[in-house]
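# Notes for the structure review
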Amino acid sequence: MFCGQSLVNNFYKYKRKVWQNVNPIIKCCITTYNPPKILFFGTDNFSLPSLQALHKNSSNRLGVVTSFKSPANCVRSYAEKEKLPLQKWPIEPSECSQFDLGVVVSFGHLIPANIINGFPKGMINVHASLLPKWRGAAPIIYAIMKRDASTGVSIMKIEPHRFDIGAILAQREVPIEPDVFMPELHASLAKLGAELLVDTVNNLSERLKEDIPQDNTNASYAPKITNKITEINWSKLSAVDIYARYRALYSYRNLTTSFLDKQVQLLELRLPEKQLLIQKPGHFSYQKRRKSLLIGCAQESQLEVLQLRIEGKKPMSAQDFNNGFMKQAKSLNFTDNKLVSN
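Residues numbered from 1 in each chain as written. Predicted model: local features only at pLDDT ≥ 70, side-chain atom pairs only at ≥ 80, totals over all residues. Heavy atoms only, no water.

## Notes on the overall build of the protein
- Per the secondary structure count, the protein includes nine helices and 13 strands.
- Across the 342 residues in the protein, those meeting the buried criterion constitute 44%.
- Taking the intrachain contacts of the protein between residues at least 6 apart in sequence as the baseline, contacts between residues at least 24 apart amount to 63%.
- Accessible surface, the protein as shown: approximately 18,900 Å² in total, 52% of it carbon and sulfur. (Helix = DSSP H or I, 4+ residues; strand = E, 2+ residues; numbered from the N terminus. Buried < 20%, exposed > 50% of the residue type's maximum accessible area, 1.4 Å probe, protein only. Contact = heavy atoms within 4.5 Å. Areas by Shrake-Rupley, 256 points an atom, 1.4 Å probe, with all protein chains shown as cover.)

## Thoughts on the sheet that holds strand 3 (residues 86–88)
- Strands sit in the order 3-2-1-4-5-6-7 across an open sheet of seven strands; the sheet is mixed. Bordering the open sheet on either side are strand 3 and strand 7 (168–175), each of which pairs with just one other strand. In this sheet, adjacent strand axes meet at a mean angle of 20° when their direction is disregarded.
- Relative to strand 5 (residues 123–127), strand 4 (residues 101–105) runs parallel, the two sharing four bridges. Bridge pairing in strand 5 links Gly-102 to Met-123.
- In the packing of helix 3 (residues 74–81) onto the sheet, contacts are made with strand 1 (38–42), strand 2 (62–66) and strand 3, and the angle to strand 2 comes to roughly 145°. (Pairing = 2+ DSSP bridges. Axes fitted to C-alpha atoms, helices over the stretch in contact; angles between N-to-C directions.)

## A few points about the environment of Met-156
- Mapping Met-156 onto the fold places it in strand 6 (residues 150–157).
- Classification of Met-156 by relative accessible area gives buried; the value is 3%.
- Through-space distance from the C-alpha of Met-156 to that of Val-104 is 9.9 Å; in sequence the pair is 52 residues apart.
- The contacts of Met-156, once residues within four sequence positions are left out, are Met-123, Ile-124, Asn-125, Leu-131, Asp-164, Ile-165, Gly-166, Ala-167, Ile-168, Leu-169 and Gln-214.

## What about the packing of helix 2 (residues 48–58) against helix 6 (residues 182–202)?
- Closest axis-to-axis distance for the helix 2/helix 6 pair is 8 Å, and the angle between their directions is 35°. Handedness of the crossing formed by helix 2 with helix 6: right-handed. Across the interface between the two elements, Pro-49, Ser-50, Ala-53, Leu-54 and Asn-57 of helix 2 pack against Ala-190, Gly-193, Ala-194, Leu-197, Val-198, Val-201 and Asn-202 of helix 6.
- Counted by class, the contact of helix 2 with helix 6 contains eight nonpolar, four polar and no charged residues. (Left-handed = near helix turned anticlockwise from the far one by under 90°. Nonpolar A, V, L, I, M, F, W, Y, C, P; charged D, E, K, R; others polar.)

## Description of the pairing of strand 9 (residues 262–270)
- Relative to strand 9, strand 8 (residues 255–259) is paired through five bridges, and the arrangement is antiparallel. Of the residues in strand 9, the one forming a bridge with Thr-257 is Val-264.
- Pairing of strand 9 with strand 12 (residues 301–310) involves six bridges; the strand directions are antiparallel. Bridging across to strand 12, Gln-265 finds its partner in Arg-309.

Structure, rendered in C-alpha cells:
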C-alpha cells in the first residue's frame, strides 16, 4: 500500500514538473503570433483565391478595396457574402492607418505614394511571373505565347510611380506544360500565389529583412493585350508559334486572319501529329478525313483549323466552311488581317 502511494506521488511530481516546463512554450506559441491587419486590393478571379486564403488566415483582421464598376466583380461578391469591411476605390490615405499592411493582387490600378506610405508595413503584391521577367499586365499570356519552359509567382514590395519594380520577398517556380491552356495555368498560379502570400504574411518581418532588389537588366515586359496581338502573319509565324499564341489567348481573345477581305476568327486549332502537306504560308486545303482546314505556316509547317467564324456569320466547322465558301472562292488562302485594330 505504501509502495503504491509512493508511485502515485512520484507520478504527480513528474507530471507537475513536465507541465511546468511545457506550458510556457505552448503559451509562447499561442500568444506571440499575431497576423498583421491587412487591407486587400483586388478585382478578379486571380485575386479571389488570395482573398479567401487571407480571410481564412487572418479572420477578422481584414478589409477589402475593389472597383464597383463591374457587377460581376467576384472580390466584391465574396466580401459582401462574408461581411468583410468593403470600400470602393479610390480610398483616402487616412483609411490606411487603420491597417498594418496593404496587399494588392491583380488590382489594375497604379497605387499613389500617399496610399503606399500610409501603411506602417507598406504594401506587397502577388505577381504571376518570376520577376523581373514579364513585368506588366499580361504575364501568363506572354509566358505561354513565348513558349517559356517555366513561370511562377512573385511576392514583391510595391513602389510608387511604376508597376512591378519592387524588391522580391518570395518566389515559387512551376513548369509550363507544352499543351497547357491559359485558363488552366491562370488558375494554378492564382492558387500558388495565395499559398505563397499567406506564407509571406505569416513571416513578414523575416521576409522584409531578406528582400532582394530586382535586376533591371534582366527585365522583360508583358503589356496589356490589344487586337494587334491576335492577328496572324502566316509567313512569319510557324505553326508551333501560332498554336502557342492560341493557347495563350484561349477563352480571352480569338486569333484572326482575313479571307476575301473579311475578318476570320479562328476558334479551334490543333497541331497535326506529323507533316501532312507542304503549302505556302496562308494557303489552305480541306482534309476530308480529318474534317479540318490544313494551313501552311512559316518554316514549311502546318496548322489545322477545326472551327472558325467569318465576319457577319455564325461559328462554323471546317466542313461547313468547305461546303459554303471554298467551292466559290478563286484563291484558297488566308491573308493578313485588313481590318483596323486597336
